[in-house]
Each structure stands twice: as structure tokens, then as C-alpha cells.
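For reference, the chains in residue letters:
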Amino acid sequence: MTLMTCGPQAISTLCQSYASQGFRLQTMMATDERRIHGHYVLRYAFVHDATGHSVVLETAVPHDSPHYTAVTPALPAANWYEREALDLLGLFPDGHPEPFPLMLHGDLAANANPYPLRKEVDRAVSLPSVSRSLSVEAVPDGEFEVPVGPIHAGVIEPGHFRFHVRGEDVQSLDVTLFYTHRGLEKGAEGLTFAEGLAVAEQTCGVCSASHGAAFAQAVEAICDAHIPERAMWIRLLVLELERLYNHIGDVGNICAGIGFSFGVMQAGILKEKLQRHNARLTGHRFLRNMMAIGGVARDVPSDLAAHTGHVVQETMSAFSGLVNVLLSNEIVCDRFRQTGILALDVVRQYGVVGPAARASGYLADARLTQPSGAYSDKEVQTLLHVPTFPDGDVMARVLQRIEESSVSATLIGLAVAKLRSLPKADGDSSLVTPMVTPAPYEWALGVTESPRGENVHFVMTGPNGTIDRLRIRSASYANWPAVAKAVPGNIIADFPLINKSFELCYACCDR
Amino acid sequence: MWSLIRQRLTTPIATEPLEELFSHVATEEPDPLLVQWKQNIRRGPFYGSLHIRHVDTGSCNACEWELTALLNPIYDAQRLGIDFVASPRHADVLVVTGGVTRNLAQALELTYEATPAPKAVLAIGACACGTGLLGQTYAQRGTALDSGIPILVTVAGCPPSPPEILRGLLNIMTILNGGAATHGHATTAI
Ligand code: SF4
């Protein structure tokens, strides 16, 4: 990783020069470092997906006049990050096209003073409560505005959508998120790394393991620790099991978007079986509590590993039967094709990640570009044939998940074989590398590929092995702005389908 | 088309009997919840008909997926007359997940107001029950219990498993029909 520093007025130009060389904005971290060196710091992290090169561009923002030149006008992908830094830390992006509150709803006088992420502000500081009324702005003749949410009709998370429609055709879509903003990052400050790991896992229900692993990797990178070989393979096993139950479940849930209950129910059975196996393997249906800082919390004994292999094989053969039925059904194919097209240039512009990017022909996968642990193993890299599809429609995103499931199943097979051949763990403590307490104010990034795409955790240490700052960038945070771009031009009745085909999470985006 | 019909006909029944589902979570033998349920299955307006509106007040999404799992063929809550409805206006029960964020507190209040009486609220998961990891922050209250909305039954767990949630719902059914709580932690009635 390359680190470069520049002044707050030059950051925009510097970011732009990297973006124009094909680097993708991975995340931006805003930190209050006034008590260390008297100013705030912004760090823009970029990665080059073809080569895996990464660079962090750093700038100091003065404490008495917290202004810097916004990167967003040159690089739309920076939009939310800069608004977030304004909401939570009071750092003003000069020239930002939309300098409105993002995460803190309601009327907060002159932005959110007190800014909750500033160090002197108490974690439970009381902010004025939010009260809204449904206001509808005037729309052009012949158009309608359709407001939906935050409480939805199904069992889903809260978000507010405003559709502008002409007849059935969606002209534009505005998405308001961050309803489930819980203040996780502030809550994590001052906690030990082990406690922080639990917070990381609760960022997202269905990507718990990959969030946990990303956090653990960041801490391990700070301590320069290498985890035991057996623990590496257990991590890979758990991460791929997470992808598998999500992808298979998602293929079913996408069917719910067209009311095709056969697919929902059949995939529902498969997902439930996988989750029951998760519980057997790790003690948790969502694979929590398995990661540990420096390794994994418990072993996967040989027989359980072998059993995992069977369960996955059985599931995959049932899944391929289901896939045959789905893809030979004309109505299903007709609804999936040409619906919700996400253009490749939108993917590039907004830094879209994960299956959504790959289904639009853009190969970004943290397992390939920034592999960690067992993913850097040669055998894994040769088996890791991550597919891409060029069309960018719902069908492509479905096919993407179907193909990726097989890749995961293959990797699970390899991990099972490794765990059976490696020497047994000599007690669970042998699965964790002991680590020294890191010096304060060191930082690192941890990157994993979750079922929804790349997760990036930034950890900065505080005194005595605590967390000073945690910044979680989930795949959903990167992808949400793109969803709004894939909807116009479709009929409003297809929105649930398009939305489900991205299958983004709100909790990990909002944190 | 034929492959679909074949798959339908060859998929065995996946739904598990309640006794089997509850065998891991019930602590007494015979399970008092099931005994009561069976005795009263034809009595009272809420037996065999309980309509739920789910309200996410800032959960991590795992509680949601366990609720969704209730509708898969294995749990099949619909066989008990339990179903999710699209609007609070059609609901008997609100199921709350998450620790009530600042951005959602008003949505919870309005949803409760919009639900016709008699109504009951079930809080599921550690976050909603006030034992969540983070508790109070600038962005969330940390529990649904002090939201000013009466919670009838709480189901602990992070997340509670589908059978545990199902028991909470059956329990609500019983209480709404005038029975006593046998599972979960029941607070004041509506
Ligand atoms: S109780 Fe646990 S599973 Fe449920 S929302 Fe809270 S953290 Fe997530």
C-alpha cells in the first residue's frame, strides 16, 4: 500500500488523478485526531482492481476552520463519505453538490452540532428527536410521486423511496436511507478488540462472518500477526459457507419479486438446511462468534468438516435441480431479462462492488485483488474462477449468484480436505496467534469479500489495546447509490424485483 | 413447465410438526404451550388467525431473516393461521426488532397508532429487549421497552431462533384470547 499526503485544498485533484488511472474509491475515513496532532484527518483509500495496487491519500483538516475541497464533483463515488464526515464530524466539503444531512435525520440546526463523532462528545449525547410529516413536492403535469416506506409491506428493513412515475414508468427514484443508523462506530470507541469484534459481527445479520473477519484482519495487520494455518482454512470455510447460504437464499428471494412462490419455497428449504448446518458447525445460524482476533474461536473437527462437505454437496445438487426449473421457465426468464439494467459506466462511476458489479461485467473481488489468509493460497487462487456477466440485468445478477455458488462449493470442498489433512488443533487456544498490545494511534484496513461484495474495516488503535476509531464500509454502502440508477426506465411494479436482485442490506449501510 | 410440475410432485413434505420444532426449546414435558394451544385451537377470535406487521426499529437484519424463515416450508407459520400483513391497519400484532433508533422512533409510534385495537406488541431479539450489545448511543434508545408503547411479550436471543419466535407468537395468541402466558416474558397486557 502506498501512502500519500497533501493539503486539504489539493485532495480533490490528487484523488482525481488516481481515479483517472483506473483506481476505485474503496472507502474514506474521517477521524478526529486533534488530541494527537491538533487536526482532523481524512483518508481516501483507493484500489486498482486489475492489479491489486492500493493507495491511501491523506489530508489534514485544520481544527479551527474544518474545510476541505470536496472530491465529489470529480468523483461521484465520494458523495456519501463526504456528507457522512459533515454529519458526524462537522468537516465541510467545499463545493460539494449536495451538502445535506445524510445519516442524522430531522432538523438539526446548522448541521448536527454537537457532532457525535468528535472526541469530546459523549457517546449517548442526546440529539433532538426526529419528527416528519409526509410532504410531496409539485411534480410536472402527468407525473406522480409515489412515496414508499420506511415501514414496508414485507419483512424487510426500513428505507424511504420516492418514485416519480409517468403512468407505470419510473422517471426517477430518490432513496433515503440511514433509518437504522445505530451509532455502532461511536459505540465501538474505547472497547477492546474482542468487544469490537462482536460489534463488527452485529453490523450485519447476514454478512456477520465477513464483517468479523474484516475487523480481525485490520487488527492483525496493525499487530503484524499471522494467524495459524488451520485457523486460516476455518475462516475460509466459514466465509464461503456464508456466501453459499446467502446466494442460494437470494436466488429464492429474487423469485419473490415476481411472485413465483415455487422458487421462494424451494430455495427456502435449502437455505434453512444450510443455516441449521451453520448452527451445528459454529453454534450460530448466522455463523457468529467463530472469528477471533488472531485466528478463530473454535476448531472444526475432521468429522464435522466431512459432514459439511456432504451437506454442501447435497445442497448443490438440489440447487442445480431448482436452477434448471427456474431457467427453463419462460415467465421467469421473461421477467428477469432486460429488467433493472445497471450500466458498466455507472458501476465505474460509483465504485460498485460484489456480484452487482460482476454481473455488469466489472471484475472486482477482494478475494482476487487483496487476498488474505487462505485466499492467498495458490490452490485457492487457481480454483477461484470468479465469473462475470456482461448484461447487468436481473438475469445477470441471478446467474452471477448461481455460478458463484458453485465456486464457493468448490472452495468449501478444498477447505474440508485441508482441515482433514492438517494436524488436529491442540485445544482451541492453538487456533489463535498470541498478540502484543499495539501502540496507540496505529491504523490498518481489513478487506473481505462478503456475499454482497467488498467489506472494508478501518481500525485505529487507542491506548491499552482499545479501539480509537472504527470505520465500517460495507458492500451495501458502496452499492446503494447504484440501485437508484438501475430503476428509471422500468415499470414501478418491477422495483421489488430489481431491489431484490441487488439484495442489499440496510443495517450494514446505516450502521 | 413439466420440470416444475415434476419438482413439485417429487419434493417431500418439509414441514416439521410443532412437537419436533419445539423439542429443543421447550423446558417442560409435556410442553404447556402446546397443551394449551391444542385445547383452545377452536376457541377465541385469535386462535388460528393472527396477523402480524413487522416493524424494524434498527435491527442488524438477522432478526428479520429469522422472521422470514417462519414462512419457509419447514416452519410454515401459516399453517397456524399466523401471517404477515402489508399494513398496520390489517394487523393484530406488531413485531418489533431492533433497539429503536432516533431515525425510527416516530415510525414506531405512528405504526402503533395505526394498528386497530385490540392489539399487542411482541419485541424480539436482545436489541429490542434492552440487552443489546451497545445499549444507548446518540443514535438509538437501546430498547423498545421504554418507547412508551406497551410491549406484551418479549423473546430474548440474538437472534432468537424461528421456533422461539413462533412460541412467542403462540403465546400472544393465548394471551389475546384471555389465557395466561406460558412462554417468553410477559409484561402488562394491553
Ligand atoms: S438481537 Fe441480535 S440479531 Fe436481533 S437485531 Fe439485535 S443484534 Fe441483530
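Residues numbered from 1 in each chain as written. Chains lettered and ligands numbered in written order. Predicted model: local features only at pLDDT ≥ 70, side-chain atom pairs only at ≥ 80, totals over all residues. Heavy atoms only, no water.

What follows deals with the packing of aromatic side chains. Each aromatic ring pair is described using two quantities: the centre-to-centre distance and the angle formed by the ring planes. All names here are of chain A. Under the criterion given, the structure shown has 13 aromatic pairs over all chains. Ring geometry for Phe178 versus Tyr477: centroids 6.2 Å apart, planes at 75 degrees, classification edge-to-face. Taken as a pair, Phe178 in the loop between strand S9 (169-176) and helix H4 (184-188) and Tyr477 in helix H16 (residues 475-486) lie far apart in primary sequence, 299 residues in all. Comparing Phe178 with Tyr477, the two get one shared label, buried. (Phe/Tyr/Trp six-rings, centres within 6.5 Å; stacked < 30°, edge-to-face > 60°. Helix = DSSP H or I, 4+ residues; strand = E, 2+ residues; numbered from the N terminus. Buried < 20%, exposed > 50% of the residue type's maximum accessible area, 1.4 Å probe, protein only.)

Residue and element names in this part refer to chain A. In spatial order, the strands read S1-S4-S3-S2; together these four strands make up an open sheet with mixed pairing. Only two strands of the sheet have a single neighbouring strand rather than two, namely strand S1 (2-6) and strand S2 (23-33). Averaged over neighbouring strand pairs, the angle between their axes works out to 20 degrees when direction is ignored. Taken together, the five bridges between S1 and strand S4 (residues 54-62) define a ladder with parallel strand orientation. Along S4, the bridge assignment pairs Met4 with Leu57. Relative to the sheet, helix H1 (residues 11-20) contacts S1, S2, strand S3 (39-48) and S4, its axis offset from that of S4 by approximately 170 degrees. Helix H3 (residues 79-89) contacts S2 and S3 of the sheet and is inclined by roughly 10 degrees relative to S2. (Pairing = 2+ DSSP bridges. Axes fitted to C-alpha atoms, helices over the stretch in contact; angles between N-to-C directions. Contact = heavy atoms within 4.5 Å.)

The next subject is the packing of helix H9 (residues 302-327) of chain A against helix H1 (residues 2-10) of chain B. Interhelical geometry of H9(A) versus H1(B) gives an angle of 145 degrees and a closest axis separation of 8 Å. The handedness of the crossing between H9(A) and H1(B) is left-handed. On H1(B), the residues that touch A:Gly321, A:Leu322 and A:Val325 of H9(A) are B:Ser3, B:Leu4 and B:Gln7. The class makeup of the residues in the contact of H9(A) with H1(B) is three nonpolar, three polar and no charged. (Left-handed = near helix turned anticlockwise from the far one by under 90°. Nonpolar A, V, L, I, M, F, W, Y, C, P; charged D, E, K, R; others polar.)

So, about the confidence of the model for chain A. Looking at chain A as a whole, the pLDDT averages 91, with 99% of positions reaching at least 70. Element-level pLDDT for chain A is lowest in S1(A), with a mean of 86, against a maximum mean of 95 in strand S13 (residues 453-461) of chain A. (pLDDT = per-residue confidence, 0-100.)

Residue and element names in this part refer to chain A. The domain boundaries assigned to chain A delineate domain 1 (2-112) and domain 2 (185-488). Relative placement of domain 1 and domain 2: their C-alpha centres are 27 Å apart. Each partner contributes to the interface: domain 1 provides 26 residues, whereas domain 2 provides 26 residues. On the domain 1 side of the contact with domain 2, Arg24, Gln26 and Trp80 bury the most area, a combined 25% of that side's loss. (Domains from an automatic or database assignment. Buried area = accessible area lost by both parts, 1.4 Å probe.)

Residues and elements named next belong to chain A. Ordered by their spatial adjacency, three strands build an open sheet running S7-S8-S9, and the pairing between neighbours is antiparallel. The open sheet is flanked by strand S7 (144-148) and S9, the only strands paired with a single partner. Averaged over all pairs of adjacent strands, the angle between their axes in this sheet comes to 20 degrees, without regard to strand direction. Taken together, the seven bridges between strand S8 (residues 160-166) and S9 define a ladder with antiparallel strand orientation.

A word on the interface of chain A and chain B. For an interface, size is often stated in terms of accessible area lost upon the parts coming together. Tallying the contact residues gives 62 residues for chain A and 48 residues for chain B. Here chain A meets chain B over a buried area of about 4600 Å², counting both sides, of which 57% is carbon and sulfur. Of all residues in chain A, A:Ile151, A:Val155 and A:Arg182 give up the largest surface area on contact with chain B, accounting jointly for 15% of the area buried on that side. Where chain A packs against chain B, one counts two salt bridges. With its nearest N and O atoms 2.6 Å apart, the salt bridge here joins A:Arg285 to B:Glu66. The tally of links between chain A and chain B comes to 27 residue pairs in polar contact (both at pLDDT 80 or more). Counting residues per element, the ones that place at least two in the side of chain A that touches chain B are H4, helix H5 (193-201), helix H8 (261-282) and H9 of chain A. (Salt bridge = Lys/Arg side-chain N within 4 Å of Asp/Glu carboxyl O. Polar contact = N/O pair within 3.5 Å; in protein donor to acceptor, adjacent residues only side chain to side chain.)

This paragraph deals with the site of the ligand. In the region of the ligand, the neighbouring residues are A:Gln202, A:Arg288, B:Ser59, B:Cys60, B:Ala62, B:Cys63, B:Gly125, B:Ala126, B:Cys127, B:Gly157, B:Cys158 and B:Pro159. More than one chain approaches the ligand, the contributing ones being chains A and B. At the level of elements, helix H4 (62-69) and helix H6 (126-129) of chain B are the ones that each hand at least two residues to the shell around the ligand. Split into classes, the residues belonging to the shell around the ligand amount to seven nonpolar, four polar and one charged. (Near = heavy atom within 4 Å.)

Looking now at the nonpolar core. Within the largest apolar cluster, 161 residues are counted, with the highest numbers of intra-cluster contacts made by A:Tyr44 and A:Phe215. Taken domain by domain, this core gets at least three of its residues from each of domain 1 (2-112) and domain 2 (185-488) of chain A. Other than its neighbours up to four places away in sequence, A:Tyr44 contacts A:Ile11, A:Cys15, A:Leu25, A:Thr27, A:Met28, A:Val55, A:Val56, A:Leu57, A:Tyr68, A:Val71 and A:Glu82. Among the nonpolar cores identified, the runner-up in size contains 35 residues, and B:Leu34, B:Tyr75, B:Ile82 and B:Val95 belong to it. (Core = buried A, V, L, I, M, F, W, Y, C linked by side-chain atoms within 4.5 Å.)

Moving on, we get to unusual backbone geometry. Cis peptide bonds are those with omega within 30 degrees of zero, and the linkage from B:Ala117 to B:Pro118 qualifies with -5 degrees. Along the chain, B:Pro118 falls in the loop between helix H5 (105-114) and strand S4 (120-124). The omega torsion across B:Cys158 and B:Pro159 is -10 degrees, close enough to zero to call that bond cis. Within the secondary structure layout, B:Pro159 lies in the loop between strand S5 (153-155) and helix H7 (162-176). The residue A:Asp224 is not glycine, and still its phi comes out positive at about 55 degrees. Position of A:Asp224 among the secondary structure elements: in the loop between helix H6 (208-223) and helix H7 (229-256). Residue A:Asp224 is classed as exposed on the basis of its relative accessible area, which comes to 61%. In this structure, A:Asn289 takes a positive phi of about 65 degrees despite not being glycine.

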